[in-house]
Amino acid sequence: NAGVMQNPRHLVRRRGQEARLRCSPMKGHSHVYWYRQLPEEGLKFMVYLQKENIIDESGMPKERFSAEFPKEGPSILRIQQVVRGDSAAYFCASSPNTGGDQPQHFGDGTRLSIL
Amino acid sequence: GESVGLHLPTLSVQEGDNSIINCAYSNSASDYFIWYKQESGKGPQFIIDIRSNMDKRQGQRVTVLLNKTVKHLSLQIAATQPGDSAVYFCAENGDGGSQGNLIFGKGTKLSVKP
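Nothing here was measured: the structure is a model prediction, and the numbers come from that model.

Caption draft 1: A look at the overall build of chain A. Of regular secondary structure, chain A possesses 0 helices and 11 strands. Its helices and strands taken in sequence order, chain A reads β-β-β-β-β-β-β-β-β-β-β from the N to the C terminus. Against the 2.2 N^0.38 benchmark of 13 Å for 115 residues, chain A shows a C-alpha radius of gyration of 13 Å, consistent with a compact globule. In terms of overall dimensions, chain A has a C-alpha envelope of 35 × 25 × 25 Å along the principal axes. Of all intrachain contacts in chain A linking residues separated by at least 6 positions in sequence, the fraction that spans at least 24 positions is 52%. When the accessible surface of chain A is split by element, carbon and sulfur atoms take 46% of a total near 5900 Å². The positive charge centre, built from 16 side chains, and the negative charge centre, built from 12, are 7 Å apart in chain A.

Caption draft 2: Spatial organisation of unusual backbone geometry. All names here are of chain A. Cis geometry is adopted by the peptide bond preceding Pro8, which originates at Asn7 and carries an omega value of -5 degrees. As for its placement among the helices and strands, Pro8 is situated in the loop between strand E1 (5–7) and strand E2 (10–13). At Glu52, a residue that is not glycine, the phi angle is positive and equals roughly 65 degrees. Examined against the element boundaries, Glu52 turns out to sit in the loop between strand E5 (43–50) and strand E6 (53–56). Given a relative accessible area of 56%, Glu52 falls into the exposed group. One non-glycine residue, Arg64, lies in the positive phi region at around 75 degrees. Relative to the assigned elements, Arg64 resides in the loop between E6 and strand E7 (65–68).

Caption draft 3: Examining the pattern of salt bridges more closely. All names here are of chain B. In this structure the tally under the stated criterion is 4 salt bridges over all chains. Here Asp84 ties to Arg61 by a salt bridge, and the two come within 2.9 Å at their closest N and O atoms. Note that Asp84 is positioned in the loop between strand E7 (72–77) and strand E8 (86–92) and Arg61 in the loop between strand E5 (56–58) and strand E6 (62–67), a separation of 23 residues in sequence. Classification of Arg61 by relative accessible area gives partly exposed; the value is 30%.

Caption draft 4: The arrangement of the confidence of the model for chain B in detail. Residue and element names in this part refer to chain B. Overall, the predicted model of chain B reaches an average pLDDT of 89, with 89% of residues at or above 70. Per-element confidence in chain B is highest for E6, whose mean pLDDT is 98, and lowest for strand E9 (residues 103–104), whose mean pLDDT is 92. Note on residues 1–8: pLDDT under 50 across the span, and 19 contacts to partners over four residues away in sequence or across chains.

Caption draft 5: A look at the packing of aromatic side chains. For the coordinates displayed, the defined rule picks out 9 aromatic pairs over all chains. Geometrically, the ring pair formed by Tyr35 of chain A and Phe104 of chain B is edge-to-face, given 5.6 Å between the ring centres and 80 degrees between the ring planes. In this pair, Tyr35 of chain A is assigned in strand E4 (residues 31–37) and Phe104 of chain B in strand E9, connecting two distinct chains. Neither residue differs from the other here; Tyr35 of chain A and Phe104 of chain B are each classed as buried. Taking 5.3 Å as the distance between ring centres and 90 degrees as the angle between the ring planes, the aromatic pair formed by Phe106 of chain A and Tyr36 of chain B counts as edge-to-face. One end of the pair, Phe106 of chain A, is in strand E10 (residues 105–106); the other, Tyr36 of chain B, is in strand E3 (residues 32–38), on a second chain. In this structure an aromatic cluster arises from ring pairing among Tyr35, Phe45 and Phe106 of chain A together with Tyr36, Phe89 and Phe104 of chain B.

Rules used in this analysis
Residues numbered from 1 in each chain as written. Chains lettered and ligands numbered in written order. Predicted model: local features only at pLDDT ≥ 70, side-chain atom pairs only at ≥ 80, totals over all residues. Heavy atoms only, no water. Helix = DSSP H or I, 4+ residues; strand = E, 2+ residues; numbered from the N terminus. Rg over C-alpha atoms; globule rule 2.2 N^0.38 Å. Contact = heavy atoms within 4.5 Å. Areas by Shrake-Rupley, 256 points an atom, 1.4 Å probe, with all protein chains shown as cover. Lys, Arg positive; Asp, Glu negative; His and termini not counted. Charge placed at Lys NZ, Arg CZ, Asp CG, Glu CD. Buried < 20%, exposed > 50% of the residue type's maximum accessible area, 1.4 Å probe, protein only. Salt bridge = Lys/Arg side-chain N within 4 Å of Asp/Glu carboxyl O. pLDDT = per-residue confidence, 0-100. Phe/Tyr/Trp six-rings, centres within 6.5 Å; stacked < 30°, edge-to-face > 60°.

In C-alpha cells, the structure reads:
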C-alpha cells in the first residue's frame, strides 16, 4: 500500500519563477490537504480539496498561490512569481472521507528553496 | 523524564525511561486530537488519536491523556528507545472539525540518550 506520494522532494527556484508541487493521495483517499512548515515550527494549514473542488482555502495566500485536485491525476499546489519568503517545506496529507475526526496521513514533503 | 510544555521545546531522556510530552490546545470546540511524530527530513507520522468523549487512550508503548477542563493533552511514551528521537506535534481539529483542517502545536523535540 503506497502512502501519500509527493514530488519533487526538493525544488529550487529563482525569484519570479513558478513552483509546482505534486501530491498523490493514498489509494482510496479522496480528500487532500496542503500544509506549509517553516524550520522549527509546526505545520500551518493552507488548503483542503476534494476531487475537482476546493473546500477550504482559508490558509492560502490570495495572491500567487493556487491549488487543484483534478478528476484524474495528482493534486497540484502552484506558486507563481516565487519570493524568498516562499522557502519552506510543503506537506500534503490525505484522508478517506470528510469529517474532522480521523487522522490525516502525510507525505514526506517538498522542500522549496528560493534563490 | 520531566514533562514539558510548548515553552520548552526540547526534552532529553535516558533510554528506557518514560517520556511525557505535553500540549496546551487552543480551541475549546476541538473534539478530536492527534499526536504525530516527525523525523528529520520526513513528514509527520500518525502515532495515536483521541476523541473528546474519552480522557485516555492507549496504544503500543504510547498513551494519550486528554483534560478538556484545562485544554491539555499529553503523550506518554513507555521505555523510550533511541528510535523515538524526533519532534512530536499535537494537532486538534478546531471548531469541531467543520473545516477538515488540523491545527498543529509548535512541537517538542525528544532526544533519547543511549
